[in-house]
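Below are the chains, spelled out letter by letter.
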Amino acid sequence: MTLINEDQMIRRDEVNKAAFYNKDGYKRVAIRNKKFDAIIKELQEVNTGKIAGAFELQKEIEGIINQINRYNQCQQRLLALYRMKGFKDFGLEGQMRRFAHELENHPSELELSELLTLRRHEKDYILRKDLAYVNLLNQKADKLKKKFKKSKSKDGQELFVLLENYQLSFQEIVKTEQAIGNENYGAIWELNEASFAVTSSFQHVSTLVNAKTDRLITALIRNFVIFVFCGISASIILGYFSAGFVTKSIKSLAATMQQAQLTNFKEPNWKPSNYATKETKSLYHSYIQLLYTIRNQFDELERQTTQMIWHNEELIKINNLLESSQKSLEESNQVKDKFFSIIGHDLRGPMSNLTMSLQILSESMNTMTKEEVSTFSSNILASADAISVLLDNLLMWAKTQTDSLIPKFECVNLKSLVNSIQSLQSQRLTDKSISFLNELDDDLEISADRNMIDLVLRNLLDNAIKFTSESGFIKVGSEISTSHIKIMVKDSGIGIEPEAQSTLFTSLVKKRSQGTQGEKGTGLGLMLAYDFIRKHGGELQVSSKLNEGSTFIISLPIKQVCKLRAIEVV
């Protein structure tokens, strides 16, 4: 149903826009409400029309109207909860932010570390939706309020009020999010249940219409047979009791009846002669009336059948749209959940390491040795690089979901590109004492999108470093044939389980594998690499054995080679 699709897009795209929280209302929501009113009005007209009465569907259509009204109430309640919760500077989130900023800017005895602890518990709850962080924030806030409540200074009293307001705003946000809920409880669960009920009601009505249509057609055919049988029987009986010339008239009339059946009961050309008896003429007129009655019933049956078929097709279309919408909603929710999971877990780790390292470096730089400063700088660089790679992957993944990424082909020197990636990863290679061999030919150039092929090789090399133990090796080489060029990234790492290889490029990992030093991964990089190579008309394959290492093979058509010196063709 178009209305359900519109509601899904509003909840997905609009609740994070400032216009959604405008006090004068939001235009897209107003347009959606007009569509809802139009749907209800159309269903009410159908319910009071002849078709609903003929098929005795008033009760079922009234049920559909009630289900759609219930669905609309659930949608309006969910939007109201989103508005109450707010976004950035709006609603409860905006109110909590203002109190937090006042605490940050308050020239007082509140230590920055205590305020940062409060904000960290707040962010942890927003990211993970774990009520344990709510308890931690309340305990910390209560402790601070108790401390400043005893203060006799003006600053202390102001801090107490600000902490009280900040805590109350946070608690209201938690209550609102619990009310919003998810797929298993709350307003979102109620909306999904209401959507399913609407779909079920339409399916039930469709089933009833089909059944009643079949019964009506059967009854009309049975009546038609009875009418024909009665007419023929009456002709035969009158023939037995007629005399002389009447017999001829009856035989002619009987033949005309048979002709009428073959011509869809049109009025016959035969008429009784002047010598026909009164009974024969009366029989003729009765027969003509019977033909008109049967013909009218046939016309009405054809009209109603056509109309019922049309309505049945419309109901099937609506049902298909609802099923498609439900499937699309489930897929969108899965993509959304995985996207936020990546942001909440994989991005938070490097960010926390980066923040902690910078804080320690800022506070203790004057007391650190050069070696310690170098170590912290390396950690900061590694965290920043991990964040950069993950953000690049997320951005590219988002573009692939909208099919808006089109390769821009140019000649790319592969050895130079791999050397630049090796330079960026040099610290990680050094830390794990990994030998790196770039055996690509100096003159080898391929026609490719530079950014895409760079991201593919970066992800493959990052994956190889992650899963290669200390003192291992990574080798990049190529192989040319008459039809294809192959670029191989080989490592001596821990290998990949056979069960995992079949879905390595087609889905985000459900079980997170860890590298040889505890590095985490999502599988997003390999998915992007697979999609980008496919966009270049090639294939990405893997050959791996546990504890023996892995080889990732990029295969591209030979026509995409721009330049190469004399290389042995295999």
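Everything in this summary refers to the structure shown in the same document. Source: prediction; values computed, not measured.

Moving on, we get to the overall build of the protein. Of the regular secondary structure elements, the protein holds 17 helices and eight strands. Taken over 570 residues, the protein has a buried fraction of 40%. Sequence-distant contacts, at least 24 apart, represent 72% of the contacts inside the protein between residues at least 6 apart. Looking at the protein as shown, the accessible area adds up to about 32600 Å², and 54% of this sits on carbon and sulfur atoms.

On to the packing of aromatic side chains. Using the criterion set out here, one finds three aromatic pairs in the structure. Ring geometry for Tyr125 versus Phe170: centroids 5.8 Å apart, planes at 80°, classification edge-to-face. Taken together, the residues Tyr125 in helix H6 (residues 112–128) and Phe170 in helix H8 (residues 154–180) connect sequence positions 45 residues apart. The class of Tyr125 is buried, set by a relative accessible area of 1%. Classification of Phe170 by relative accessible area gives buried; the value is 1%. Centroid distance Phe505 to Phe552: 6.3 Å. Interplanar angle 75°. Geometry classified as edge-to-face. Separated by 47 residues along the polypeptide, Phe505 in the loop between helix H16 (498–501) and helix H17 (524–535) and Phe552 in strand S7 (residues 549–557) bring together distant segments of the chain. In this structure, Phe505 and Phe552 share a single accessibility class: buried. Among the aromatic residues, ring-to-ring pairing joins Phe505, Tyr530 and Phe552 into one connected group.

Moving on to unusual backbone geometry. At Ser433, a residue that is not glycine, the phi angle is positive and equals roughly 55°. Following the sequence through the fold, Ser433 ends up in the loop between helix H14 (426–431) and strand S2 (435–438).

Per the stated rule, a full pass over the model turns up 17 salt bridges. Between Lys85 and Glu93 there is a salt bridge; the shortest N-O distance is 2.5 Å. Here Lys85 and Glu93 have matching classes, each one buried. Linked by salt bridges that have partners in common, Lys85, Glu93, Lys129 and Glu177 make up one network.

Attention shifts here to the environment of Arg11. By the secondary structure assignment, Arg11 is in helix H1 (residues 2–14). Judged by its relative accessible area of 15%, Arg11 is buried. Residues Arg11 and Leu78, spaced 67 residues apart in sequence, show a C-alpha to C-alpha distance of 8.9 Å. Discounting chain neighbours no more than four positions away, the residues touching Arg11 are Tyr71, Gln75, Leu78, Leu79, Tyr82, Leu191 and Leu329.

An order of S2-S4-S5-S7-S6 is seen for the five strands of this open sheet, with the pairing classed as mixed. Of all the strands in the sheet, just S2 and strand S6 (539–545) have a single pairing partner and so form its edges. Across the sheet, the mean angle from the axis of one strand to that of its neighbour is 15°, orientation sign disregarded. Summarising the sheet, S6 and S7 pair through seven bridges and their orientation is antiparallel. Bridge pairing in S7 places Glu539 opposite Ser555. Lying over the sheet, helix H13 (residues 414–424) contacts S2, strand S4 (473–480) and strand S5 (484–491), oriented at roughly 160° with respect to S2. Lying over the sheet, helix H15 (residues 450–466) contacts S2, S4, S5, S6 and S7, oriented at roughly 170° with respect to S7.

Structurally, Glu114 is set in helix H6. Buried charge Glu114 goes without a salt bridge, the closest partner of opposite sign being Lys147 at 4.2 Å. Other than its neighbours up to four places away in sequence, Glu114 contacts Lys140, Leu144 and Lys147.

On a regular strand, each side chain points to the face opposite its neighbour's, so the side chains alternate between the two faces of the sheet. Of the two faces of S2, the one holding Phe436 and Asn438 is buried and the one holding Ser435 and Leu437 is not buried anywhere. Taken together, the four bridges between S2 and S4 define a ladder with parallel strand orientation. Within the sheet, the bridge partner assigned to Leu437 lies in S4 and is Lys475.

Moving on, we get to the packing of H13 against H15. It is at 10 Å that the axes of H13 and H15 come closest, and there the two elements cross at 50°. The orientation of H13 relative to H15 falls into the category oblique. As for the relative orientation of H13 and H15, their crossing is right-handed in sense. Each of Leu414, Leu417, Val418 and Ile421 in H13 lies in contact with H15, whose residues at this interface are Ile453, Asp454, Leu457, Arg458 and Leu461. When its residues are assigned to classes, the contact of H13 with H15 shows seven nonpolar, no polar and two charged.

How each quantity is defined
Residues numbered from 1 in each chain as written. Predicted model: local features only at pLDDT ≥ 70, side-chain atom pairs only at ≥ 80, totals over all residues. Heavy atoms only, no water. Helix = DSSP H or I, 4+ residues; strand = E, 2+ residues; numbered from the N terminus. Buried < 20%, exposed > 50% of the residue type's maximum accessible area, 1.4 Å probe, protein only. Contact = heavy atoms within 4.5 Å. Areas by Shrake-Rupley, 256 points an atom, 1.4 Å probe, with all protein chains shown as cover. Phe/Tyr/Trp six-rings, centres within 6.5 Å; stacked < 30°, edge-to-face > 60°. Salt bridge = Lys/Arg side-chain N within 4 Å of Asp/Glu carboxyl O. Pairing = 2+ DSSP bridges. Axes fitted to C-alpha atoms, helices over the stretch in contact; angles between N-to-C directions. Lys, Arg positive; Asp, Glu negative; His and termini not counted. Parallel < 35°, antiparallel > 145°, perpendicular 65-115°, else oblique. Left-handed = near helix turned anticlockwise from the far one by under 90°. Nonpolar A, V, L, I, M, F, W, Y, C, P; charged D, E, K, R; others polar.

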